[in-house]
Amino acid sequence: MRNLQEDNITEAVLQTMEGTEDPRLKEIMTSLVKHLHAFAREVGLQQDEWMRGIQYLYDAGKISTPERNEFILTSDILGLSSLVDMIKGRGVSSGTEYSALGPFFVDGAPEVPLEGNLAGDDPGTEVVLTGRVLNERSEPVEGARVDFWQTQSNGLYDVQETHEGAVPNLRCHQFTGADGRYGVRTIKPVSYKVPDDGPAGEILRSTSRTAWRPAHYHIWVNADGYLPLVTELFPGDDDWIDRDAVFAVRDSLRVSFDDTADEDEASAYGVTAPYKKVEYDFVLVAG
Ligand code: BEZ
Ligand code: FE
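Since we're looking at a predicted model, the values are computed, not measured.

Moving on to the overall build of the protein. Helix and strand counts for the protein stand at seven helices and 13 strands. Seen along its three principal axes, the alpha-carbon backbone of the protein occupies a region of about 80 × 45 × 30 Å. Relative to its 287 residues, the protein shows a buried fraction of 41%. Here the contacts in the protein between residues at least 6 apart in sequence split such that 70% fall between residues at least 24 apart. When the accessible surface of the protein is split by element, carbon and sulfur atoms take 53% of a total near 16,000 Å². With 26 positive and 49 negative side-chain charges, the protein shows a spacing of 5 Å between the two charge centroids.

Below, the structure written as structure tokens:
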């Protein structure tokens, strides 16, 4: 194509990709170019503004490590990660809703038995977190692996602790019994800020947003014959429940912490009645 101008440059770029063999890649790249060009036209993007965008990508790359991926955080705070989760859930009406994985999952967390203690000696508010893993017909799923991870009562994940002698804490996995039940003794999670000392934090500040996430438990359920479920549970009354920096709250994942006086359960979990209890059933979709 000759004499490239603002009104034909998009078409010129698309023509160069006509021969892309993978049809899905072609669809994605074509749409990406169309939308990027449309964005630049719509805002009348100036050279210095685009250089600022390039600088953002450069800075995000520089601060990223295997433990901290600033591009994922950027996708999170722009709502893109949650949108992709929602697209994954299209047409799946029966299973538990997906929510953010976040950057703090660690493979190989210790196994804690059913009714075991996830919280060690953390001084937070004691909670019994229990429920069942079910299939879409409400039948128990036996042998499902349930991974839990959450912040300590100081608002940090164990992997964010920098002091000498920091140990794995508040993360574990366990396997459901024949009745599909999981259960741990843990603590009430607390709200905390996503890392905001890098470029993503600059976006938050310069757009008058905050880095706070409402308190949550992270849960990842895996069982043979079912789609993996990555999700979260949120105390429904958290101050930040409607202002999650990463847009991961779903109404169906809001839970209450009910005062419970069941002496038998208290002794099974090693807590003192009355205690706080969260009961939540996860529903897996066959796949
Ligand atoms: C988290 O919940 O651990 C998290 C999710 C998205 C970005 C940062 C942290
Ligand atoms: Fe988290």
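The next subject is the packing of helix α4 (residues 70–77) against helix α6 (residues 199–206). For the pair α4 and α6, interaxial distance at closest approach is 9 Å and the crossing angle is 25°. Relative to α6, α4 is oriented roughly parallel. Seen from α4, the contacting residues are Glu70, Leu73, Thr74 and Ile77; seen from α6, they are Pro199, Ala200, Gly201, Ile203 and Leu204. Class assignment of the residues belonging to the contact of α4 with α6 gives a composition of six nonpolar, two polar and one charged.

Moving on: the domain arrangement of the protein. Segmentation of the protein into domains returns domain 1 (9–45) and domain 2 (74–283). For domain 1 and domain 2, the distance between their C-alpha centres works out to 39 Å.

Not every one of the 13 residues close to ligand 1 is listed here, only the nearest: Asp76, Tyr192, Arg213, His216 and His218. Within the side chain of tyrosine 192, one N or O atom sits 2.7 Å away from an oxygen atom of ligand 1. At a separation of 3.1 Å, an oxygen atom of ligand 1 approaches a polar side-chain atom of histidine 216. Starting from 260 Å² of accessible surface for ligand 1 in isolation, the protein chains cover 100%. Residue composition of the shell around ligand 1, grouped by class: seven nonpolar, three polar and three charged.

Looking at the iron ion (ligand 2), the protein donor atoms are Tyr157 (OH), Tyr192 (OH), His216 (NE2) and His218 (NE2), and they sit 1.9 to 2.2 Å from it. Between the donor residues of the iron ion (ligand 2), the gaps in sequence give the motif Y-x34-Y-x23-H-x1-H. Taken together, the positions of tyrosine 192 in strand β6 (residues 192–193) and histidine 216 in the loop between β7 (212–213) and β8 (217–222) put the pair 24 residues apart, joining distant regions of the chain.

What follows deals with empty space enclosed by the protein. Tallying each qualifying case throughout the model produces one cavity of 30 Å³ or more. Counted as a void, the largest cavity has a volume near 100 Å³. Along the walls of the largest cavity sit 14 residues, with Gly102, Pro103, Tyr192, Val194 and Arg213 positioned nearest its centre.

So, on to the nonpolar core. In this structure, Phe148, Val221 and Leu233 are the most contacted members of the largest nonpolar core, which totals 44 residues. Breaking this core down by element, the ones donating at least two residues are α3 (47–63), α4, β2 (126–134), β3 (145–149), β5 (181–187), α6, β8 and β9 (229–235). Dropping the residues within four chain positions of it, valine 221 is found in contact with Val133, Ala144, Arg145, Val146, Pro228, Leu229, Phe282 and Leu284. Counting five residues, the second largest nonpolar core, distinct from the first, contains Val128, Ala266, Tyr269 and Tyr275.

Applying the stated criterion to the full structure yields 20 salt bridges. Linking glutamate 6 and arginine 41 is a salt bridge whose minimum nitrogen-to-oxygen distance equals 3.7 Å. In this pair, glutamate 6 is assigned in the segment before α1 (9–16) and arginine 41 in helix α2 (residues 23–43), connecting sequence segments 35 residues apart. Linked by salt bridges that have partners in common, Arg181, Glu265, Lys277 and Glu279 make up one network.

Rules of the game
Residues numbered from 1 in each chain as written. Chains lettered and ligands numbered in written order. Predicted model: local features only at pLDDT ≥ 70, side-chain atom pairs only at ≥ 80, totals over all residues. Heavy atoms only, no water. Helix = DSSP H or I, 4+ residues; strand = E, 2+ residues; numbered from the N terminus. Buried < 20%, exposed > 50% of the residue type's maximum accessible area, 1.4 Å probe, protein only. Contact = heavy atoms within 4.5 Å. Areas by Shrake-Rupley, 256 points an atom, 1.4 Å probe, with all protein chains shown as cover. Lys, Arg positive; Asp, Glu negative; His and termini not counted. Charge placed at Lys NZ, Arg CZ, Asp CG, Glu CD. Axes fitted to C-alpha atoms, helices over the stretch in contact; angles between N-to-C directions. Parallel < 35°, antiparallel > 145°, perpendicular 65-115°, else oblique. Nonpolar A, V, L, I, M, F, W, Y, C, P; charged D, E, K, R; others polar. Domains from an automatic or database assignment. Near = heavy atom within 4 Å. Polar contact = N/O pair within 3.5 Å; in protein donor to acceptor, adjacent residues only side chain to side chain. Donors = N, O, S within 2.8 Å, 3.2 Å for Na, K, Ca; no water. 1 Å grid on protein atoms, 1.4 Å probe; cavity = no way out; pocket = protein on both sides within 12 Å on 5 of 7 lines; lining within 4 Å. Points joined across faces, edges and corners; volume = space filled by probe spheres on them. Core = buried A, V, L, I, M, F, W, Y, C linked by side-chain atoms within 4.5 Å. Salt bridge = Lys/Arg side-chain N within 4 Å of Asp/Glu carboxyl O.

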